[in-house]
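# Geometric and topological summary
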Amino acid sequence: MCSSDLSCYLFSSEATTWQEAHFRCRDHDAQLAVLATQYEDNTVRSYLERPEFPQLGRWIGGMFVQDRWVWAAQGTEIESPTSFASEEGPHIAGGDEEWNCLFMDPGSRFKWSNENCVSQLHYICEAPLTKSSGGDGGNNGNATENGNGDGNGAVPSSSSSTASSGGPSSTTGAAAT
C-alpha cells in the first residue's frame, strides 16, 4: 500500500519478534512503519480494517527506551504517543519498562498498544515510494508510483516509504495512494 506522502507499506504474512521484524524490513530496504502523523495512522488503519484483511496485531517502529517512546530507526521521540493509542495503551505498568514495543491492536480498531518485544506478531514495513525507470521494463521488486510492485495488490496510502513487494513469502501486499 502506498500513500500520497510518497510512502509504501508492506504487511507481513508471518509473525516474528519486533527485532526480527526490524531486520526483515531492512532486508526490503525499509523500516518498521513510522506513523508520525494522523494521516499516516488513519491511512494504515483504514487499510487494516478492510473485511478481507486478516485481523492481526502488527508491529510498528515504536519502542520504549529510557523512559520514553521513540521511533527506533531514527531514535526520535514519538510526539504524543497517546494520540493514536487505544484506551489502555501504550502504557507501561510498574516494572515492565524494558522490552516494550508498539503494535497496531485489532482489538481496538488498530490503535496503538504495547507488547513485550519478544512476542510474536505480524509487522508493517515502510519504505519510500520510488519511480520505475524506463529502460529495463522492471521495477526491481519495488512498489512504483502506480502501485504495481509485484502484483500483490498495491493500494495507495500517505507516508514516506517504498514497499518492496517482490521479497519472500513473508509479505502480503503493498499499496499506493
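In this text the structure is predicted, and so the values were computed from the model without any measurement.

### Here's the deal with the overall build of the chain
Along its length, the chain carries two helices and nine strands. N-terminal to C-terminal, the α/β element order of the chain is β-α-β-α-β-β-β-β-β-β-β. Considering only contacts in the chain between residues 6 or more positions apart, those separated by 24 or more positions represent 68%. Surface accessibility of the chain: about 8,300 Å² in total, with carbon and sulfur atoms responsible for 47%.

### Structural notes on the packing of aromatic side chains
Within the structure shown, the criterion is met by six aromatic pairs. With a centroid separation of 5.2 Å and 75° between ring planes, the pair formed by Phe 11 and Phe 53 is classed as edge-to-face. Here the residue Phe 11 occupies a position in strand S1 (residues 7-12), and Phe 53 occupies one in the loop between helix H2 (38-48) and strand S3 (58-65), the gap between them amounting to 42 residues. Of the two residues examined, Phe 11 and Phe 53, each falls in the buried class.

### Some thoughts on unusual backbone geometry
In this model, Gln 66 sits at a positive phi of 50°, which is unusual for a non-glycine residue. Counting through the fold element by element, Gln 66 comes out in the loop between S3 and strand S4 (68-71). Residues other than glycine seldom take positive phi values, yet Arg 109 does so here, at roughly 60°. Mapping Arg 109 onto the fold places it in the loop between strand S6 (100-105) and strand S7 (111-116).

### A short note on the environment of Tyr 123
Mapped onto the secondary structure, Tyr 123 falls in strand S8 (residues 122-128). When its relative accessible area of 1% is taken as the criterion, Tyr 123 is described as buried. Engagement of the side chain of Tyr 123 in a polar contact is seen with the side chain of Glu 14, the distance being 2.7 Å.

### What to know about the state of the cysteines
Scanning all chains against the criterion turns up three disulfides. Disulfide partner of Cys 25: Cys 125, at an S-S distance of 2.0 Å. What sets the handedness of the Cys 25 and Cys 125 disulfide is the S-S torsion sign, and at about -85° it is left-handed. Here Cys 125 lies in strand S8 and Cys 25 lies in helix H1 (residues 18-27), a separation of 100 residues in the sequence. Here the two residues Cys 25 and Cys 125 agree in accessibility, since each one is buried. Across the disulfide from Cys 101 sits Cys 117; the S-S distance is 1.9 Å. Taking the torsion about the sulfur-sulfur bond, which here is approximately 95°, the covalent link between Cys 101 and Cys 117 counts as right-handed. A residue pair is termed long-range when its members are at least 10 positions apart, and Cys 101 in strand S6 and Cys 117 in the loop between S7 and S8 qualify at 16 residues.

Conventions we followed
- Residues numbered from 1 in each chain as written.
- Predicted model: local features only at pLDDT ≥ 70, side-chain atom pairs only at ≥ 80, totals over all residues.
- Heavy atoms only, no water.
- Helix = DSSP H or I, 4+ residues; strand = E, 2+ residues; numbered from the N terminus.
- Contact = heavy atoms within 4.5 Å.
- Areas by Shrake-Rupley, 256 points an atom, 1.4 Å probe, with all protein chains shown as cover.
- Phe/Tyr/Trp six-rings, centres within 6.5 Å; stacked < 30°, edge-to-face > 60°.
- Buried < 20%, exposed > 50% of the residue type's maximum accessible area, 1.4 Å probe, protein only.
- Polar contact = N/O pair within 3.5 Å; in protein donor to acceptor, adjacent residues only side chain to side chain.
- Disulfide = S-S within 2.5 Å.

The analysis is restricted to geometry; functional conclusions fall outside its scope.
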